[in-house]
Every structure is written in structure tokens, then in C-alpha cells.
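For reference, the chains in residue letters:
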Amino acid sequence: MSDDTRKLEILVGLYELAISRLFETVPEGGEAKRLFVEDVRQLLGSTNEVQPHSPAAQTYEALLRRLGATPPDAAGGLGVVPTPERGLPVSGSGE
């Protein structure tokens, strides 16, 4: 695993932690989390239309697992982090 990949995994983990803490501490955090999960699901759907099972889609799925927005028996973990070499997430609606 390259140093850049390790650094990216650490940054993604920190962003996930920060997002989770914001949802826990801000007023209406539950509603903000619900909206964020909805947005990530839309990104996942758009990405799967263009790049099914891509590293970007796997990353969105992993984020949903981390947010507790998947079934309890779903596997945990960071999953695949998209990189320019492995496929970046689709921007916008994916069109």
C-alpha cells in the first residue's frame, strides 16, 4: 500500500469521525444525518448507473455502513478509497 493511499485512508477516517461528531452534537443533528445519508444514497445510485461496483461506489457503501445506514449484518470497514488510478466518484448526477 502506497503512502498516498495510507494518507487518504487516514483523512477519510478523520472526515467520517468529524461528520459523526457533528451529527451527535448539533441541534437537529438527527435530521442532518438523515439528509446526508439520503444524499450519499443518491450519489451511490448515480455512480452505480455509470460505474457499477467501482471503487467510488464501494466507498459510498462503506460510508453508509459507518453511518449505520445499512442492515446490521452488513460488513463494516472503510472499504475502497477512490483514487485517480482506481476511479473517482461521479460528480453531480452522473450524467
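Residues numbered from 1 in each chain as written. Predicted model: local features only at pLDDT ≥ 70, side-chain atom pairs only at ≥ 80, totals over all residues. Heavy atoms only, no water.

**Student:** How should the packing of aromatic side chains be read in this particular structure?
**Tutor:** Aromatic ring pairs are described here by two measures, namely the spacing of the ring centres and the angle between the planes. In total, this model carries 1 aromatic pair according to the counting rule given. Ring centres of Phe-23 and Phe-36 lie 5.8 Å apart, and the angle between their planes is 50 degrees; this geometry places the pair in the tilted category. With a gap of 13 residues between them, Phe-23 in helix α1 (residues 3-25) and Phe-36 in helix α2 (residues 29-50) connect regions that are remote in the sequence. (Phe/Tyr/Trp six-rings, centres within 6.5 Å; stacked < 30°, edge-to-face > 60°. Helix = DSSP H or I, 4+ residues; strand = E, 2+ residues; numbered from the N terminus.)

**Student:** Help me understand helix α3 (residues 55-66), please; the structure alone is not making it clear to me.
**Tutor:** Here α3 spans 16 Å end to end across 12 residues, near enough to the 16 Å set by a 1.5 Å rise per residue. What α3 keeps buried is the set Pro-55, Ala-56, Ala-57, Thr-59, Tyr-60, Ala-62, Leu-63 and Leu-64. Buried residues in α3 make contact with α1 and α2. Gly-68, located one to two residues past α3, shows a positive phi value of around 75 degrees. (Expected span 1.5 Å × (residues − 1). Buried < 20%, exposed > 50% of the residue type's maximum accessible area, 1.4 Å probe, protein only. Contact = heavy atoms within 4.5 Å.)

**Student:** How should I be thinking about the confidence of the model for the chain in this particular structure?
**Tutor:** Detailed reading of the predicted coordinates is not advisable wherever pLDDT falls low. Per-residue confidence for the chain gives a mean pLDDT of 75; residues scoring 70 or more make up 73%. Taking the mean pLDDT of every element in the chain, the minimum, 82, falls on α1 and the maximum, 90, on α2. When the criterion is pLDDT under 50, residues 90-95 qualifies, and its contacts beyond four places in sequence or with other chains add up to 9 contacts. (pLDDT = per-residue confidence, 0-100.)

**Student:** Please clarify how the environment of Ala-69 should be interpreted in this entry.
**Tutor:** Within the secondary structure layout, Ala-69 lies in the segment after α3. When its relative accessible area of 17% is taken as the criterion, Ala-69 is described as buried. Excluding residues that lie within four positions of it along the chain, Ala-69 makes contacts with Val-37, Arg-41 and Leu-64.

**Student:** Can you walk me through the nonpolar core in this structure?
**Tutor:** Looking at soluble globular proteins, one finds that nonpolar side chains tend to be buried together. Grouped together as the largest cluster of nonpolar side chains are 10 residues: Phe-23, Val-37, Val-40, Leu-44, Ala-57, Tyr-60, Leu-63, Leu-64, Leu-67 and Ala-69. For this core, the element with the highest residue contribution is α3, accounting for 4 residues. (Core = buried A, V, L, I, M, F, W, Y, C linked by side-chain atoms within 4.5 Å.)

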